[in-house]
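# Residue-level structural notes
Okay, here's what each chain looks like letter by letter:
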Amino acid sequence: MAAPASAAVSFGSVSASEPHDRLWRDLKRSQRAAQLRAIGLILPLVVFLILVFIVPIGMLLSRSVSDLAVPRALPATVAALAGWTPAKEIPPQVYPALVEDIGSAPQMLFGDAAARLETGTPGMRALMMKTRSRLQGAAPSDARKALTGISPKWDTMEGWVAIKQASGPLTDHYLLTALDLHRDELGKVTRVVAYERVFLAAIGRTFGIAFTVTALALLLGFPFAFLAATSSDRVSRILLFTVLLPFWTAMLVRALSWSVLLQRTGIINDALLRLGLVREPLDLMYNRFALCIALIHIFLPYMVLPLYSVMKTIPPQHMRAAASLGARPWMAFRRVYLPQVVPGIGAGALLVFIQCLGVFVVPALLGGPNDQGLPYYIAFYVNRVLNWGLAAALSVILLLSVAVLYALYVRLSGKSAMVLG
Amino acid sequence: MDAIVRYSDVSKTYDGVTSVVRNLNLDIEEGEFLTMLGPSGSGKTTSLMMLAGFEAPTSGEILLDGRSLARVPPHRRDIGMVFQNYALFPHMTVSENIAFPLQVRKRPAAEIEQRVKRALDMVHLSTLGGRRPLQLSGGQQQRVAVARALVFEPKIILMDEPLGALDRQLRESMQLEIRSIHERLGVTAVYVTHDQGEALTMSDRIAIFSNGAIEQLGSPEELYSRPSNAFVAQFIGENNLMPCAVARTSGLECEAELAGSGPVRARYGDLSPGQTDGVVAVRPEKVRVRPKSAMDSSENSFSAVVEAVVFFGDHVKLALRLAGGQKLVSRSLPEDTATFGVVGQELTVGWNTQDCAIYAPRSRPAPPIPVAFASQA
């Protein structure tokens, strides 16, 4: 082995190094055009994705940790509180600082700051508004006396802790809230009081529903995909057509048609009543049952298609070979067929599961109050409460859990096993 | 020797109209290497699949060791099978593939390990047990498939065009390897192929299939030298088939006329009594060519014109046209035809009566170009 290699090296170094370099340059030049062309082809999509996808999502997610409302409206107060911790006395210079900030802050910034303080400490909004309207732009000589006169609360820690905790520019307040946690007056992370704990339950519910739907979709989709993958071309085309049909209607329409079927005066209850099977209409809607049925129906194609495409690649000879080698049908299925379908199961389950986590319309239309998942809360905080920080934090949790699931999947299935249709 | 497998009046139809296999009767003897040879659609693979248990006969039955297989599912037949594309399990290593038939039979782990090792040694893959099938070359995958089909010591091993996906050189060395494994183990082998060369080199006996029935069953030598009808004459080896008018049959010989070229005497093939149309079959290597002036001692002698000369190195083929327009091919040593094997040259061709036969014509027409020139088969 060594002899020819060294011969080649000496040959190269003596006479061929110059042409070799030129060869390398020529190769690079000839590839450049192809590279430019490739970049040109994907550039529009890359720009589009950056502008409408990555940037807005980044901006939204950054809201979950950025905390600028209070420092913008109350810069002097924030500066005066800089070195303070709740273990110490309230520093006297914060009183004039707050009076000064209230006097100079524009209406809108002040409102934002009050709203932000309210999310951390209920009652702060009212306190701030009351303080501002009582001061009416005046600059009393004894700021402390004036403030404590407006509300004795300014004499206690609570209000100052609230301002201190919201003094930015970064905060973990929203992320903690999204996990039913908060910082107490001493800055220690603790669980919120029992009646305020909603998000962990919502996260659990979201995952529970997603899990149920995924499992049932797999149960229903597997035999279907198997039949489609192993029948004749004509039959499999018809089968796939029926499963793709729901794709052609909007998710909203599909959810609404389920409500036509399931409501108290709907088709199913009508039929049951007329047949005399029930005396009163059944409550088929606004519960977990209706939600799961509709979700399975909507997401089944995402389960069937990856399964089908993987099953299609498994030669029918494999089952025959297993049989000829002495394996009973069940054994052949379990040891030879199933392991080869695993990438399809993984891809299908992942697709369905992730979409279930993010679905909003269907639970809103068909689910009850106890069937709403994280997307409902995100929409609620964006649309109703205008608490973008908390909405962003909930989104972060949703995004992270998907990322964790995906990483777990890649880890379990090996790097090349990802098959998405 | 006893028949280990018996096809008894087996028929198979898929659509109820056309029969894929028609009244098949065939005894396969213990320890022999039997090849089912035929063009695609001749029923050979279906016959094999019925023995393996993946298809069921529409009528008739198949006996294994004297017992009917009708109610025995494939996994209890104890028949090893090598599939066309090997059907190795891609998610298992080579060793796991070979261990599979032993594991489903619940053999003890120590025995499995030992037998897998022996099977790997047998096919010269001892060092590749940890690889996945897709990391192996076609020839290596083929050997794994053979090892897997033999490791549980089945009574019979079936092979369905196992070498079809390999290139020619590899195919030839695998033919020898499979043949030698068969001889060492003494297992009964049933082999399906459409490649007559493969069938001739490997088999103890060959069953030639056409249209769902066996045309002829015999050793390679028998099939080559004494084809029983025009189909076999044409299918096995190269052959010149020329239509002729039968004039007279006498005993084992008959006389006929090659229109415009002259009379021909030949062995009696499968003509019906009184039949007047036939085909003369004579193999290229039996056709002697001589310069026009030379004396020809052959019993059948004609004058011919050279239309093409093809040089193959160890032999040369001449495409010839007789006076009456019949075309045939001769095969001879290059030095024997050096002086007169020239396009346009007139010469004399001849062959012995014992080297040609007259058959009843078959509906399937002879290919327009002699097979010899399509490729060197």
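Here the structure is a predicted model, which is why all the values come from computation and not from measurement. (Residues numbered from 1 in each chain as written. Chains lettered and ligands numbered in written order. Predicted model: local features only at pLDDT ≥ 70, side-chain atom pairs only at ≥ 80, totals over all residues. Heavy atoms only, no water.)

For chain B, the helix and strand inventory stands at nine helices and 20 strands. Sequence-distant contacts, at least 24 apart, represent 70% of the contacts inside chain B between residues at least 6 apart. Accessible surface, chain B as shown: approximately 17,000 Å² in total, 50% of it carbon and sulfur. Seen as two clouds, the 39 positive and the 43 negative side-chain charges of chain B have centres 4 Å apart. (Helix = DSSP H or I, 4+ residues; strand = E, 2+ residues; numbered from the N terminus. Contact = heavy atoms within 4.5 Å. Areas by Shrake-Rupley, 256 points an atom, 1.4 Å probe, with all protein chains shown as cover. Lys, Arg positive; Asp, Glu negative; His and termini not counted. Charge placed at Lys NZ, Arg CZ, Asp CG, Glu CD.)

Turning to the sheet that holds strand β6 (residues 79-82) of chain B, a few remarks are in order. Residue and element names in this part refer to chain B. Strand order in the open sheet formed by six strands is β6-β7-β8-β3-β9-β10, with mixed pairing between adjacent strands. Each having just a single partner strand, β6 and β10 (213-218) make up the two edges of the open sheet. Each strand of the sheet is rotated relative to its neighbour by a mean of 20°, with strand direction disregarded. Here β6 pairs with strand β7 (residues 156-160) via four bridges, running parallel. Across the sheet, residue Val82 finds its bridge partner in β7, namely Met159. Sheet strands touched by helix α4 (residues 138-150): β6 and β7. Its angle to β6, the strand with the most contacts, is close to 175°. (Pairing = 2+ DSSP bridges. Axes fitted to C-alpha atoms, helices over the stretch in contact; angles between N-to-C directions.)

Turning next to the UniProt feature "domain: ABC transmembrane type-1" (unreviewed entry) in chain A. Sites flagged by UniProt as "domain: ABC transmembrane type-1" (unreviewed entry) map to residues 203-409 of chain A. Here residues 203-409 of chain A runs as 78% helix and 0% strand, with 20 Å between its end C-alpha atoms. (UniProt positions renumbered as here; feature names shortened; annotations may be inferred.)

Moving on, we get to the domain arrangement of chain B. All names here are of chain B. When the domains of chain B are assigned, the result is domain 1 (3-225) and domain 2 (230-371). Averaged C-alpha coordinates put domain 1 and domain 2 at centres separated by 38 Å. Linking domain 1 with domain 2 are one salt bridge, by the criterion used here. Notably, a salt bridge pairs Arg362 with Glu215, separated by 2.6 Å at the nearest N-O pair. At the boundary of domain 1 and domain 2, one finds four residue pairs in polar contact (both at pLDDT 80 or more). Residue assignment for the side of domain 1 that touches domain 2 shows that the elements contributing at least two residues are α6 (196-202), β9 (205-210), β10 and α7 (220-225). Tallied by class, residues from the side of domain 1 that touches domain 2 come to seven nonpolar, six polar and one charged. (Domains from an automatic or database assignment. Salt bridge = Lys/Arg side-chain N within 4 Å of Asp/Glu carboxyl O. Polar contact = N/O pair within 3.5 Å; in protein donor to acceptor, adjacent residues only side chain to side chain. Nonpolar A, V, L, I, M, F, W, Y, C, P; charged D, E, K, R; others polar.)

In total, this model carries 19 aromatic pairs over all chains according to the counting rule given. Here the aromatic rings of A:Trp154 and A:Trp160 are separated by 4.9 Å at their centres, their planes lie at 50°, and the arrangement is tilted. Like A:Trp160, A:Trp154 is buried. Residues A:Phe222 and A:Phe333 carry aromatic rings whose centres are separated by 6.0 Å and whose planes lie at 80° to one another, so their mutual orientation is edge-to-face. Highlighted residues: A:Phe222 in helix α10 (residues 199-230) and A:Phe333 in helix α16 (residues 329-358), separated in sequence by 111 residues. What makes A:Phe222 buried here is its relative accessible area of 14%. Each member of the aromatic cluster is reached from another via a ring pair, and the members are A:Phe199, A:Tyr376, A:Tyr377, A:Phe380 and A:Tyr381. For A:Arg132, the ring lying beneath its charged end belongs to A:Phe110, and the centroid distance is 4.9 Å. One Lys or Arg, B:Lys317, reaches over the ring of B:Phe312 and ends 4.9 Å from the middle of that ring. (Phe/Tyr/Trp six-rings, centres within 6.5 Å; stacked < 30°, edge-to-face > 60°. Buried < 20%, exposed > 50% of the residue type's maximum accessible area, 1.4 Å probe, protein only. Lys NZ or Arg CZ within 6 Å of the ring centre and 35° of its normal.)

Below, the discussion takes up the sheet that holds strand β16 (residues 300-311) of chain B. Whenever strands of a sheet pair, they do so through backbone hydrogen bonds, lying parallel or antiparallel. Residue and element names in this part refer to chain B. Taken in spatial order, the five strands line up as β15-β19-β16-β17-β18 in an open sheet, and their pairing is antiparallel. Looking at strand neighbours, the two that pair on one side only are β15 (288-291) and β18 (327-332), the edges of this open sheet. If you compare each strand with its neighbour and ignore which way they point, the axes differ by 45° on average. Two elements, β16 and strand β17 (residues 316-322), share seven bridges in a ladder whose sense is antiparallel. Bridge assignment links Val309 to a residue of β17, and that residue is Leu318.

Once that is clear, we can look at the packing of helix α12 (residues 251-262) of chain A against helix α13 (residues 267-274) of chain A. Residue and element names in this part refer to chain A. Where α12 contacts α13, the axes come no closer than 4 Å and their chain directions differ by 15°. Taken as axis vectors, α12 and α13 run roughly parallel relative to one another. Note on element contacts: α13 touches α12 through Ile267, Ile268 and Asn269, opposite Val260, Leu261 and Leu262. Class assignment of the residues belonging to the contact of α12 with α13 gives a composition of five nonpolar, one polar and no charged. (Parallel < 35°, antiparallel > 145°, perpendicular 65-115°, else oblique.)

This next bit is on helix α4 (residues 94-104) of chain A. Here α4(A) has its buried residues at A:Val94, A:Tyr95, A:Ala97, A:Leu98, A:Val99, A:Asp101 and A:Ile102. Where the residues of α4(A) are buried, they touch α2 (69-73), α3 (75-80), α5 (107-120), α6 (124-135), α7 (143-150) and α8 (157-165) of chain A.

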